[in-house]
Protein chains: 2
Amino acid sequence: MTEKLNVVPFVSVDHMMKLVLAVGVERFLTELSAYVEEDFLRWEQFDKTPRIASHSHDGVIELMPTSDGHLYGFKYVNGHPKNTRDGRQTVTAFGVLADVGNGYPMLLTEMTILTALRTAATSAVAAKYLAPKGADTMAIIGNGAQSEFQALAFKALLGVNKLRLYDIDASASQKCQANLAGMGFDIVISDNAQDAVEGAQIITTVTADKQLATILTDNMVGTGVHINAVGGDCPGKTELHRDILLRSDIFVEFPPQTRIEGEIQQLPADHPVIELWQVMAGKAQGRSSSAQVTLFDSVGFAIEDFSALRYVRDKLIDTGLFEELDLLADPDEPRDLFGMLLRAAKASAI
Amino acid sequence: MTEKLNVVPFVSVDHMMKLVLAVGVERFLTELSAYVEEDFLRWEQFDKTPRIASHSHDGVIELMPTSDGHLYGFKYVNGHPKNTRDGRQTVTAFGVLADVGNGYPMLLTEMTILTALRTAATSAVAAKYLAPKGADTMAIIGNGAQSEFQALAFKALLGVNKLRLYDIDASASQKCQANLAGMGFDIVISDNAQDAVEGAQIITTVTADKQLATILTDNMVGTGVHINAVGGDCPGKTELHRDILLRSDIFVEFPPQTRIEGEIQQLPADHPVIELWQVMAGKAQGRSSSAQVTLFDSVGFAIEDFSALRYVRDKLIDTGLFEELDLLADPDEPRDLFGMLLRAAKASAI
């Protein structure tokens, strides 16, 4: 993209929005899903580690690195549920893609918007393998920042066009409905979660409280349903009643991380789970019957961010939607970092 | 610094050079040393973890996070010894300081130059506690990118004004001498390491080869010397002969990391070492006799980067040497990330 060694392409929030709009939200989600799927299919090539979390009273700051041996990516992301009280986002993020061969960063990008997109894309990829055939109705419990992205990803990848929304704050559901107006959905707002799940073959839970909550109780989940559990994603934060887990087949991203952060933190450490990548690679079975309850216990894994960074990097070449950031010191002679400083002094004295 | 929630102050390489020059290199090193010392004195308050390394054939990419409960900092840094062959830096770095309370980044800065400064500052702080009283002569073995910074830090903090330089590449020594001309040093270039250490009370080793090397052999190290071993800083990379370690008192930053990366990777895992912060806090003895050989087995720890990030952040307020980076999505209504996208589409259509 550039020959200047000091320069790293930077995608600001403004450029990310322009990129998403230029590509189109649904096409962006579809193309991004293909990158996610490609990387899940070569899962064993990646360096994998549970994210490195720094917990505090009000939230968590995490670093999520991974590498396929050629590229290295990491994301910085925070989770602070109380942030909305003073007008801040609960989750903000940015990330970097780098060249493993020389260690130089190749891309710095906002990832608040990109994380919403990759989370939705990953949910839809999982549902492609796990949801009942012909599913066209999804309940979304929790209608915050992630809800519209989930809806559009499921429409783009699975053809879901009926939504049943519920949020403890009715204005969130109204916001979600208004944002999705004219995008081809038939939308019903429900008064409670029980109503919302009625007739839905897919149930997406995506609430934001940092606590052990019970968004779904056992009696609300009928046979044959696919549950896309997105909101429970850190220690002490779950959304589903334990009994639901006990009668579901549970699919996860990276078990060592999900055991700590996912819905399965409620279960013994040896409770059987199936790795999603193995289903995609044909090494494990996904949905095997129409009566089976499948649960994607999603917590978000570094490889999904890696896929998103790769996708954005590839998209930049055509669109030019980036700035050049003077991030790397680049002395004429690599061992002469101090000399670069001296020459800067001389230049500014002229 | 700013009330705009989406904006993060960014210090480019150019701004970092201007900042260092505006403050003055020696004053910068002195003030930065005070921040390092302040943070070492409250060592127990920090979340500490060995850096998270991703090793490859040609080098390593590392993330170095830490937090004191109020601020969170991390550095991205690579180490690729072969990079100089195609005009790149062996080490490049950038870092972020964030607010633990809301998880929002408060500063993004280049750290290639800043790492050179913080490494030198930390070396000089250690020597303040460990070097023989009145030391004015330092040998520097390895005259690459870090050498001038080491020299100036030891001048600023300890009054070292005689340098004895050696590098396997004589042009590196000449570059170092030329860069330090007129800065108050008496400089001798030596033909070999043996000559260089002659009469030096402090020996700094700062070579870059990624291998087990023997820059110093046992017979070259006289009684009473302080060794500042900076170059050995990753698994399989050391600079000192094992026998030197066996007759030195060894001081380290964070033992779990130094055992993996430092000179002491040559020794059994239970070989006694002393934590530098304990010496500074008066909980452990530093230099106890004039005959003692002291060794600071420096590998670089996240808290030093944290100190550097704090210092730069504090300096920005007066100097204004930063740009504003549109890094964080900031919808009017925090739960309405998708609506922000819709409004951007509407705005661009007008």
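From a predicted model like this one, the values you see are computed outputs, not experimental measurements.

## Observations concerning the domain arrangement of chain A
All names here are of chain A. Splitting chain A by domain gives domain 1 (7-113 + 303-337) and domain 2 (123-300). Look at where the C-alpha atoms of domain 1 and domain 2 centre, and you get two points 25 Å apart. Contacts between domain 1 and domain 2 engage 21 residues on the former and 26 residues on the latter. Buried area between domain 1 and domain 2, both sides added, is near 2,200 Å², and the carbon and sulfur share of it is 64%.

## Section: the relation of the copies chain A and chain B
The two copies are related by a screw motion: chain A maps onto chain B through a turn of 180° and a shift of 0.0 Å along the axis, at an RMSD of 0.0 Å. What the rotation and shift describe, once combined, is the action of a two-fold rotation axis. An overlap of 100% is found between the interface residues of chain A and their copies at the interface of chain B, pointing to a shared contact surface.

## So, helix H10 (residues 302-319) of chain A
Residue and element names in this part refer to chain A. If you check H10, its first and last C-alpha atoms are 26 Å apart, about what 18 residues at 1.5 Å a residue would give, namely 26 Å. Burial runs high along H10: 14 of the 18 residues are buried. At the C-terminal side of H10, Gly-320 shows a positive phi close to 65°.

## As for the sheet that holds strand E2 (residues 52-55) of chain B
Residues and elements named next belong to chain B. Sheet architecture is open: 7 strands sit in the order E2-E3-E4-E5-E6-E1-E17, paired in mixed fashion. Only two strands of the sheet have a single partner each, and these edge strands are E2 and strand E17 (323-326). Averaged over all adjacent pairs, the angle separating strand axes in this sheet is 20°, with direction ignored. Sheet topology places strand E5 (residues 93-99) next to strand E6 (residues 105-110); 5 bridges connect them, and they run antiparallel. Bridge pairing in E6 links Gly-95 to Thr-109.

## Quick notes on the interface of chain A and chain B
At the junction of the two partners, chain A supplies 76 residues and chain B supplies 76 residues. For the chain A and chain B pair, buried surface summed over both sides reaches about 6,700 Å², with 70% attributable to carbon and sulfur atoms. Looking only at chain A, the three residues that lose the most surface to chain B are Arg-335, Phe-338 and Leu-341 of chain A, adding up to 11% of its buried area. Joining chain A to chain B, the criterion identifies 2 salt bridges. Arg-335 of chain A serves as the salt-bridge partner of Asp-169 of chain B, at 3.0 Å between the closest nitrogen and oxygen. Summed over the shared surface of chain A and chain B, the number is 26 residue pairs in polar contact (both at pLDDT 80 or more).

## A look at the pairing of strand E12 (residues 226-229) of chain A
Residue and element names in this part refer to chain A. Here E12 shows two buried faces, one formed by His-226 and Asn-228 and the other by Ile-227 and Ala-229. For strand E10 (residues 202-205) and E12, the ladder comprises 4 bridges, and the chain directions are parallel. By the bridge assignment for E12, Ile-202 is matched with His-226.

## Overview of the pattern of salt bridges
All chains considered together, the criterion is met by 45 salt bridges over all chains. Residues Arg-335 of chain A and Glu-333 of chain A are paired through a salt bridge, measuring 3.6 Å at the closest nitrogen-oxygen approach. Taking the shortest distance from any N to any O, the salt bridge between Lys-82 of chain B and Asp-58 of chain B comes out at 3.2 Å. Separated by 24 residues along the polypeptide, Lys-82 of chain B in the loop between strand E4 (71-79) and E5 and Asp-58 of chain B in the loop between E2 and strand E3 (60-67) bring together distant segments of the chain. Judged by relative accessible area, Lys-82 of chain B falls into the partly exposed class, the value being 39%. A residue is classified by how much of its surface remains accessible, and Asp-58 of chain B, at 27% relative accessible area, is partly exposed.

## Focus: the nonpolar core
Proteins that are soluble and globular tend to have nonpolar side chains buried together. Ranked by size, the top nonpolar core spans 79 residues in total, and within it Phe-28, Ile-113, Leu-117, Leu-163, Leu-180 and Val-312 of chain B carry the most contacts. In terms of residue count, helix H3 (residues 112-130) of chain B provides more of this core than any other element does, 11 residues in total. Looking at which domains feed residues into this core, each of domain 1 (7-113 + 303-349) and domain 2 (133-300) of chain B supplies at least three. With residues up to four places along the chain from it excluded, the contact list for Leu-163 of chain B reads Met-138, Ile-140, Ala-151, Leu-180, Phe-185, Asp-186, Ile-187 and Val-188 of chain B. Core analysis: the second largest hydrophobic core is formed by 78 residues, Val-20, Leu-117, Phe-251 and Leu-321 of chain A among them.

## Re the packing of aromatic side chains
This model, assessed by the stated rule, comprises 23 aromatic pairs over all chains. When the centroid spacing of 5.0 Å and the interplanar angle of 90° are considered together, the rings of Phe-46 of chain A and Phe-306 of chain A count as edge-to-face. Of this pair, Phe-46 of chain A sits in the loop between helix H2 (25-41) and strand E2 (52-55) while Phe-306 of chain A sits in helix H10, placing them 260 residues apart in sequence. For the pair Phe-46 of chain A and Phe-306 of chain A, a shared accessibility class is recorded, and that class is buried. Ring geometry for Phe-74 of chain A against Phe-74 of chain B: centres 5.5 Å apart, planes inclined by 85°, an arrangement best described as edge-to-face.

## Section: the packing of helix H1 (residues 13-23) of chain B against H3 of chain B
With their axes 9 Å apart at the nearest point, H1 of chain B and H3 of chain B run at an angle of 35° to one another. Between H1 of chain B and H3 of chain B, the residues in contact are Val-13, Met-16, Met-17 and Val-20 of chain B and Ile-113, Leu-114 and Leu-117 of chain B, respectively.

## Topic: the sheet that holds strand E1 (residues 7-11) of chain A
Residues and elements named next belong to chain A. Sheet architecture is open: 7 strands sit in the order E2-E3-E4-E5-E6-E1-E17, paired in mixed fashion. Edge positions in the sheet fall to E2 and strand E17 (323-326), since each of these pairs with one other strand and no more. Neighbour-to-neighbour, the strand axes of the sheet open up by a mean angle of 20°, direction not taken into account. Bridging between strand E4 (residues 71-79) and strand E5 (residues 93-99) involves 7 bridges; their strand directions are antiparallel. Bridging from a neighbouring strand, Tyr-72 pairs with Ala-98 of E5.

## Focus: the environment of Val-279 of chain A
Residues and elements named next belong to chain A. Take Val-279: it is sitting in helix H9 (residues 276-280). Overall, Val-279 belongs to the buried group, its relative accessible area being 8%. For the pair formed by Val-279 and Leu-41, sequence separation is 238 residues and the distance between their alpha carbons is 9.5 Å.

## Re the side chain of Thr-115 of chain B
On the secondary structure map, Thr-115 of chain B appears in helix H3. When residues no more than four places from it in sequence are discounted, the contact partners of Thr-115 of chain B are Lys-75, Ala-93 and Asp-305 of chain B.

## Here we look at helix H1 (residues 13-23) of chain A
In an α-helix, one full turn covers 3.6 residues, which means residues spaced three or four apart are oriented alike. Three or more residues of H1 of chain A are buried, namely Val-13, His-15, Met-16, Met-17, Leu-19, Val-20 and Val-23 of chain A. Phi turns positive, to about 100°, at Gly-24 of chain A, one or two residues after H1 of chain A.

Conventions used here
Residues numbered from 1 in each chain as written. Chains lettered and ligands numbered in written order. Predicted model: local features only at pLDDT ≥ 70, side-chain atom pairs only at ≥ 80, totals over all residues. Heavy atoms only, no water. Domains from an automatic or database assignment. Contact = heavy atoms within 4.5 Å. Buried area = accessible area lost by both parts, 1.4 Å probe. Least-squares fit on C-alpha atoms with pLDDT ≥ 70 in both. Helix = DSSP H or I, 4+ residues; strand = E, 2+ residues; numbered from the N terminus. Expected span 1.5 Å × (residues − 1). Buried < 20%, exposed > 50% of the residue type's maximum accessible area, 1.4 Å probe, protein only. Pairing = 2+ DSSP bridges. Axes fitted to C-alpha atoms, helices over the stretch in contact; angles between N-to-C directions. Salt bridge = Lys/Arg side-chain N within 4 Å of Asp/Glu carboxyl O. Polar contact = N/O pair within 3.5 Å; in protein donor to acceptor, adjacent residues only side chain to side chain. Core = buried A, V, L, I, M, F, W, Y, C linked by side-chain atoms within 4.5 Å. Phe/Tyr/Trp six-rings, centres within 6.5 Å; stacked < 30°, edge-to-face > 60°.

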